[in-house]
Amino acid sequence: MARGAGGTTGGIGQFFLGLVMAVAGGYLITNQVTVSSGFWGYFGPHTFGLTLLPLILGIGLLFFDGRSAIGWILTIAGAVIIFVGILVNLQIYFQPTSLFNTVVMLVLLAGGLGLVARSLRTYAD
């Protein structure tokens, strides 16, 4: 017996149609979003340099001894601090668009995800 999407007897056609719809809806929604950076500072203005200290110290320790547990901890913690700092300072805005365009985007995304989920179910012919 031929297997369908996800190894089930579900429809491969439904899966790909849903995938195309979900990708199109996701693209259209993310195309309407503007992302900019905001104010950076954990301990006040102009303190980004302080977040680099654990990373720099960790890298220095790793150059001295590549097996240094403290070096690895500082390097990973420093990278996480910088990454989280960038994420929490992002400002995300949905650009104005018509209600029709918004409904089309949401229907494509939700309908596509629904078809993908439906295609992964086992059903009898």
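Please refer to the structure placed before this passage.
Residues numbered from 1 in each chain as written. Predicted model: local features only at pLDDT ≥ 70, side-chain atom pairs only at ≥ 80, totals over all residues. Heavy atoms only, no water.

**Examining the overall build of the protein**
- Check the secondary structure of the protein and you find four helices and two strands.
- The order of α-helices and β-strands along the protein, N terminus first, is α-β-α-α-β-α.
- Relative to its full complement of 125 residues, the protein shows a buried share of 22%.
- If you take every contact in the protein between residues at least 6 apart in sequence, the share linking residues at least 24 apart comes to 70%. (Helix = DSSP H or I, 4+ residues; strand = E, 2+ residues; numbered from the N terminus. Buried < 20%, exposed > 50% of the residue type's maximum accessible area, 1.4 Å probe, protein only. Contact = heavy atoms within 4.5 Å.)

**Here's the deal with the packing of aromatic side chains**
- Applying the stated criterion across every chain yields a total of one aromatic pair.
- Judged by centre distance (5.3 Å) and plane angle (80°), the rings of Phe-15 and Phe-16 are edge-to-face. (Phe/Tyr/Trp six-rings, centres within 6.5 Å; stacked < 30°, edge-to-face > 60°.)

**Re the packing of helix H2 (residues 48-64) against helix H3 (residues 69-88)**
- Interaxial distance between H2 and H3 falls to 7 Å at its minimum, and their mutual angle equals 150°. Classified by the angle their axes make, H2 and H3 are roughly antiparallel. In this structure, H2 crosses over H3, and the sense of that crossing is left-handed. Residue-level inspection shows Phe-48, Thr-51, Leu-52, Pro-54, Leu-55, Leu-57, Gly-58, Ile-59, Leu-61 and Leu-62 of H2 in contact with H3, the latter providing Ile-70, Gly-71, Trp-72, Leu-74, Thr-75, Gly-78, Ala-79, Ile-81 and Ile-82. (Axes fitted to C-alpha atoms, helices over the stretch in contact; angles between N-to-C directions. Parallel < 35°, antiparallel > 145°, perpendicular 65-115°, else oblique. Left-handed = near helix turned anticlockwise from the far one by under 90°.)

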